[in-house]
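Structural description and commentary
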Amino acid sequence: MAKIGSGKDTAGLIRYLFDTKKAKDHTDPHLIASWDGFAPDPGRADDFDATKKRLVADLDLRVKQARRLGRVPERHVWHCSVRAAPGDRHLTDAEWADIARRIVAATGIAPQGDPDGCRWVAVRHADDHIHIAATKVRGDLSTARHWNDYLKADKELAAIEKEYGLLQVVRGDRTATKRPTRAEMEKARRAGTTRTSRERLRTTVRQLVSIATSPEEFLHLLDGVEGVLVDVLPSGDVRGYKVAVAGDTNAAGEPIWFSGAKLAPDLSFPKIRERLTAIEAPPAAEPGSRRRPNPWYQATAAAERIPHHLDHGDDAAAQAHIAAFGEAIDVLPLLAPSHLRPQLQQAATAFERATRSRIRAQQDQARALRGAVRALRTVPVTGDGSGLAMFLDIAVLVIFATARWHQARRHDQQVAAAHQALVHLQAVYQQAAAEPLAALAQRQPPARTMERHAQRILVIVPEHAQQILDDPAWPALAAALTEAETAGHDPELLLQHAARQRTLDDARSTARTLTWRIQRLAARQAPSARARADQARTSVAARTAQRGQTPPSPSQPGPAAPSRHR
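Residues numbered from 1 in each chain as written. Predicted model: local features only at pLDDT ≥ 70, side-chain atom pairs only at ≥ 80, totals over all residues. Heavy atoms only, no water.

1. Digging into a nonpolar patch on the surface
A cluster of nonpolar side chains, Met-1, Tyr-150 and Leu-151, forms an exposed patch at the surface whose accessible area comes to about 250 Å². If you trace the backbone, Leu-151 turns up in helix α4 (residues 149–164). (Patch = residues over 30% accessible without salt bridge, like charges linked within 9 Å, V, L, I, M, F, W, Y side chains within 5 Å. Areas by Shrake-Rupley, 256 points an atom, 1.4 Å probe, with all protein chains shown as cover. Salt bridge = Lys/Arg side-chain N within 4 Å of Asp/Glu carboxyl O. Helix = DSSP H or I, 4+ residues; strand = E, 2+ residues; numbered from the N terminus.)

The following block contains the structure:
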């Protein structure tokens, strides 16, 4: 990794690079490369002080010449440190020298083959890193063109890692949130908290975006948060907002404000307005039904379609679905039981990085999911928590799909964030699923009913049958099928529908996944007797076609079923 900075004091930088008294980790400092290969090396000279002065004078030669013409940049020193990853092999001086030449060439400090390139030296004073010191005045006394030097150096280092067989570092795409500064972290530590004001405000704003149904409601909710100061810019036609933690002030006693864009790239007011105008109203009750749709079921159904969108949709639509799913993860800590909230918040914080990339999201593609997520705020987790467990089961698979999608596009930071979120989400799912599965298992049907359900499993999902029947969640699945049958549903048709909804190959527990699907499908109104008869004929025809037989026509009944002797 490279770290690049600038300064005003050439002598001070050289003094630091060759110091072995104050900096105890500096061992055997010496030059490994320079602009012409002949720069004086204080680390190998008999008279250290005199050689150091000569080196500084040589580096500053063009600076002094340009100063007479008034062309010297205010911060004329360019400093780049390059460090190998822990565990990488120790590179030789010759290898580090090659790396230094490639870095100054890539960044525009000393382009390859340019006789007017800046003067620079590379100093090695430890096994795992080097420092490159340069002055920014070129041979024609103009200032070096080194814009975007960090990105250019990073791109070159990615190539170097591959060529040298070093650890390939996870790299970003400039869509990550700004990291807290050391001053912010020290201030938080003194206040006795583990999170900085910026991080606290970012979490608050993201959670409010996940429950707001319009830009106006977002601002209203934000204004009502205790301990948060809000300033809308301007007060009429809103174009932006800024927030501060009450009591967090600067030296002048003024609040330390953060605009939305400073919290995260997707939290600026224009980005929030774009997302909150792309929300679909939650689904209404089915015609003729008095039942109100369960928002947890609706959100699960919407989330379950995301892997298909990622595999078969265009990138702009896929990015929108990932961002909308991030909002669903953000809202969970507000709804879940208190003992699950810390893990859910950690999952949301980690997954936040996976919700953004350089691909611009087509937000209107995720209207249904966003509407379902907003409906969740009216139904916090109650009872045995089966709704939350059901959603988390799908959420784990969505994050797997998200990681695959980012991996295919070389979004390294997003892949790492998805994997980190997965660890927390899997852990909280195990806790959330335990109680509702145990409650279902206690209602396990009699042995004869279990046997009938087992036969259905063998016929409908033969490739997963043994795994399902050996799963500790099998009694819960059998209970769900029995309760659905009691409510008037055909368990065989429910199983067929559940198995067709999405592949079961990536499910960690096929029995648990089918349990949640059966419960969700059974929550719908049971079909009438006539509809059940039609479904039964369709089911028979489908099974017969699979066996390569001609289905019996209504006027020509099939062979009689064998009689059963008691």
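2. Concerning the confidence of the model for the protein
For the protein, per-residue confidence averages 89 on the pLDDT scale, and 90% of positions sit at 70 or higher. Here residues 550–566 is modelled with pLDDT under 50, and outside its nearest four sequence neighbours on either side it reaches five contacts, counting other chains as well. (pLDDT = per-residue confidence, 0-100. Contact = heavy atoms within 4.5 Å.)

3. Comments concerning the packing of aromatic side chains
Tallied over the entire structure, the rule returns six aromatic pairs. Plain terms: the ring middles of Tyr-241 and Phe-269 are 6.5 Å apart, the flat faces sit at 75° to each other, and that makes the pair edge-to-face. Of this pair, Tyr-241 sits in strand β7 (residues 240–245) while Phe-269 sits in helix α9 (residues 269–276); the two residues are 28 residues apart in sequence, bridging distant segments of the chain. In this pair, the class of Tyr-241 matches that of Phe-269, namely buried. An aromatic cluster of three or more residues is present, and its members are Trp-296, Phe-325, Phe-351 and Phe-391. (Phe/Tyr/Trp six-rings, centres within 6.5 Å; stacked < 30°, edge-to-face > 60°. Buried < 20%, exposed > 50% of the residue type's maximum accessible area, 1.4 Å probe, protein only.)

4. Comments concerning the sheet that holds strand β6 (residues 228–233)
As summarised here, the arrangement of the three strands in space is β6-β7-β8, forming an open sheet in which the pairing is antiparallel. Looking at strand neighbours, the two that pair on one side only are β6 and β8 (258–259), the edges of this open sheet. Sheet topology note: the β7/β8 ladder contains two bridges and is antiparallel. Following the sheet pairing, Lys-242 is matched in β8 by Ser-259. (Pairing = 2+ DSSP bridges.)

5. Some thoughts on helix α13 (residues 341–351)
Among all positions of α13, only Leu-344, Ala-347, Ala-348, Ala-350 and Phe-351 are buried. On an axial view of α13, the arc spanned by its buried residues comes to 165°, and they lie on one face. Each element contacted by the buried residues of α13 is listed here: α12 (315–335), α15 (386–408) and α16 (412–441). (Arc of directions from axis to C-beta.)

6. Side note on the pattern of salt bridges
Across all of its chains, the model carries 30 salt bridges by this definition. For the salt bridge of Arg-198 with Glu-184, the shortest nitrogen-to-oxygen distance reads 2.9 Å. Within this pair, whereas Arg-198 is found in helix α6 (residues 197–211), its partner Glu-184 is found in helix α5 (residues 182–190), the two being separated by 14 residues in sequence. The pair Arg-198 / Glu-184 is uniform in exposure class, with both members buried.

7. Some words on the environment of Ile-394
As for its position among the elements, Ile-394 is in helix α15. What makes Ile-394 buried here is its relative accessible area of 4%. The spatial distance from the C-alpha of Ile-394 to the C-alpha of Ala-507 is 9.0 Å, given a sequence separation of 113 residues. Discounting chain neighbours no more than four positions away, the residues touching Ile-394 are Thr-300, Ala-303, Glu-304 and Arg-502.

8. Section: the sheet that holds strand β5 (residues 129–135)
Judged by pairing direction, the sheet is antiparallel, and its five strands sit side by side in the order β1-β3-β5-β4-β2 without closing on themselves. Whereas interior strands pair on both sides, the edge strands pair on one side only; in this sheet they are β1 (2–7) and β2 (30–34). Across the sheet, the axes of successive neighbouring strands diverge by a mean angle of 20°, strand direction being ignored. Where strand β4 (residues 120–124) meets β5, four bridges bridge the pair, whose relative direction is antiparallel. When the sheet's bridge partners are listed, Val-123 is paired in β5 with His-131. Its contacts with the sheet place helix α3 (residues 93–107) against β2, β3 (77–83), β4 and β5, and it is angled at close to 135° to β3. (Axes fitted to C-alpha atoms, helices over the stretch in contact; angles between N-to-C directions.)

9. Comments concerning unusual backbone geometry
Phi angles above zero are rare outside glycine, and Arg-174 is one such case at about 70°. Look at Arg-410: it is not a glycine, yet its phi comes out positive at around 60°.

10. Things to note about the nonpolar core
Of all hydrophobic cores here, the largest spans 80 residues; its most connected members are Val-205, Phe-218, Tyr-241, Phe-325, Phe-391, Leu-392 and Leu-425. For this core, the element with the highest residue contribution is α15, accounting for 13 residues. For Phe-391, the contacting residues outside a window of four places in its chain are Trp-296, Ala-299, Thr-300, Ala-303, Phe-325, Ala-328 and Leu-332. By size, the runner-up hydrophobic cluster in this structure holds 28 residues, among which are Leu-91, Ile-103, Ala-122 and Leu-157. (Core = buried A, V, L, I, M, F, W, Y, C linked by side-chain atoms within 4.5 Å.)

11. Overview of helix α17 (residues 447–460)
Counted at 1.5 Å a residue, the expected span for α17 with its 14 residues is 20 Å, and the 20 Å between its end C-alpha atoms agrees. Three or more residues of α17 are buried, namely Thr-449, Met-450, His-453, Ala-454, Arg-456, Ile-457 and Ile-460. Within α17, the buried residues cover an arc of 160° as seen down the axis, which keeps them to one side. Structural note: α17 exposes Ala-447, Arg-448, Glu-451 and Val-459 on the side pointing more than 90 degrees away from its buried face. Where α17 is buried, its residues touch α18 (465–470), α19 (474–486) and α20 (491–501). (Expected span 1.5 Å × (residues − 1).)

12. Let's talk about the packing of α13 against α16
With their axes 8 Å apart at the nearest point, α13 and α16 run at an angle of 160° to one another. Relative to α16, the element α13 lies roughly antiparallel. Here the hand of the crossing between α13 and α16 comes out left-handed. Contacts between α13 and α16 pair Gln-343, Leu-344, Gln-346, Ala-347, Ala-350 and Phe-351 from the former with Ala-417, Ala-418, Gln-420, Ala-421, His-424, Leu-425, Ala-427, Val-428 and Gln-431 from the latter. Partitioning the contact of α13 with α16 into residue classes produces 10 nonpolar, five polar and no charged. (Parallel < 35°, antiparallel > 145°, perpendicular 65-115°, else oblique. Left-handed = near helix turned anticlockwise from the far one by under 90°. Nonpolar A, V, L, I, M, F, W, Y, C, P; charged D, E, K, R; others polar.)

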